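The chain contents come next:
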Amino acid sequence: MIVIQTTLDRKAMTTLARITRRTLRRGRNGPVRMLAWFVVVLETFLTWVYIRGGQGGWPVNMLLAVIMLACILTEDQVNGMVSLRQILPASREVNATFRDSGYVHRAQSGESWWPYHQIRAVVETEDYFVLLLDRSHGHIYDKQGFAWGTPEEFRELLHKRTGLKVQKIR
């Protein structure tokens, strides 16, 4: 049995959004990000053309390039903040108990039981373990929150029960 206590805060939810984008949403998110980068380059080029030609419309192009660049660079933070706002305050302190048959996710607002076969990806970062159930649902656990067990035992349990390799992502 392994017990992990985690506080779902902005850092945790940003990490969850980043991990989801880099794993399960990779194929879906790539073309959109490429289009966004194309718009940044195009708007920057048009800004240069307007300035060089003495035209007055360049501030609009520059503003569009900056806005698009901000969207690209802060995508995970924004998705994390939106996700955090959807979590009730009583559900932000999580106590998870991992057993051989499945795991129980407890918060002040209630508890839910999850079987291991629903996990689609297991990811480890420097600070967290992330269990992704699908493209829009995952659980994140703080490595500093182990009340019972160790990260090594947890890694072994997840590999044994899910059959999935634990992916390490920075």
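Residues numbered from 1 in each chain as written. Predicted model: local features only at pLDDT ≥ 70, side-chain atom pairs only at ≥ 80, totals over all residues. Heavy atoms only, no water.

1. Observations regarding the pairing of strand 2 (residues 93-98)
This is how the line gets drawn: Note: two strands are recorded as paired if DSSP finds a minimum of 2 bridges between them. Strands are runs of DSSP state E lasting at least two residues, helices are runs of H or I lasting at least four, and both sets are numbered from the N terminus onward.
Both strand 1 (residues 2-7) and strand 2 contribute to a ladder of 6 bridges, which runs antiparallel. Each bridged residue has a counterpart across the sheet, and for I2 the counterpart in strand 2 is F98. The turn linking strand 2 back onto strand 3 (residues 103-107) is made up of 4 residues.

2. A short note on the packing of aromatic side chains
Note the cut-off: The aromatic pairing rule takes the rings of Phe, Tyr and Trp, using the six-membered ring of Trp, and pairs them if the centres are within 6.5 Å, calling planes under 30 degrees apart stacked, those over 60 edge-to-face and the rest tilted. Residue exposure (1.4 Å probe, protein chains only): buried if accessible area is under 20% of the type maximum, exposed if over 50%, otherwise partly exposed. Either the NZ atom of lysine or the CZ atom of arginine qualifies as a charge over a ring when it sits within 6 Å of the ring centre and within 35 degrees of the ring normal.
All told, the structure shown has 8 aromatic pairs when counted by the stated rule. Aromatic pair F98 and Y103: ring centres 4.8 Å apart, planes at 20°, arrangement stacked. Classification of F98 as buried rests on a relative accessible area of 1%. The interplanar angle of 85° and the centroid separation of 5.3 Å between the aromatic rings of F98 and Y141 together place this pair among those described as edge-to-face. Residue F98 is found in strand 2, and its partner Y141 is found in strand 7 (residues 137-142); the two are separated by 43 residues along the sequence. The same class applies to F98 and to Y141, which are both buried. Through pairs of rings, three or more aromatic residues link up here, namely F98, Y103, Y116, F129, Y141, F146 and F154. Directly above the ring of F129 sits K143, whose terminal nitrogen or CZ lies 5.3 Å from the centroid.

3. A look at the sheet that holds strand 1
Heads up, the condition is: Where helices are involved, their axes are fitted lines through C-alpha atoms of the stretch in contact, as for all axes, and angles between N-to-C directions lie from 0 to 180°. When checking whether two residues touch, look at their non-hydrogen atoms; a contact exists if any pair is within 4.5 Å.
On the basis of which strands lie adjacent, the open sheet formed by 5 strands has the order 4-3-2-1-8 and antiparallel pairing. Every other strand in the sheet has two partners, leaving strand 4 (110-114) and strand 8 (146-148) as the edge strands with one partner each. Between one strand axis and the next, the sheet turns by 20° as a mean value, whatever way the strands run. Alignment of strand 1 against strand 8, held across 2 bridges, turns out to be antiparallel. What sits directly across from I4, in strand 8, is F146. Its contacts with the sheet put helix 5 (residues 151-162) on strand 1, strand 2 and strand 8, and the angle it makes with strand 1 is roughly 105°.

4. Some words on the nonpolar core
What counts is decided by this rule: Think of a nonpolar core as a cluster: buried Ala, Val, Leu, Ile, Met, Phe, Trp, Tyr and Cys residues, connected wherever their side-chain atoms sit within 4.5 Å.
By size, the foremost hydrophobic cluster in this structure holds 33 residues, and its most contacted members are F98, Y103, L131, Y141 and F154. Put simply, the parts of the chain that give this core at least two residues each are strand 1, helix 1 (10-22), strand 2, strand 5 (121-124), strand 6 (128-134), strand 7 and helix 5. A per-element tally of this core places strand 6 first, with 6 residues.

5. Considering the sheet that holds strand 6
Within a sheet, neighbouring strands are paired by backbone hydrogen bonds and run either parallel or antiparallel to one another. Spatially, 7-6-5-9 is the arrangement adopted by the 4 strands of the open sheet, whose pairing is mixed. A strand with exactly one partner marks an edge of an open sheet, and here the two such strands are strand 7 and strand 9 (166-168). Ignoring strand direction, the axes of neighbouring strands in this sheet form an average angle of 25°. By the bridge criterion, 4 bridges tie strand 5 to strand 6 in an arrangement that is antiparallel. If you follow V122 over to strand 6, its bridge partner there is L131. On the sheet, helix 1 packs against strand 5, strand 6 and strand 7 and is oriented at approximately 55° with respect to strand 6. Most of the contacts of helix 5 go to strand 6, to which it runs at about 20°, and overall it touches strand 5, strand 6 and strand 9.

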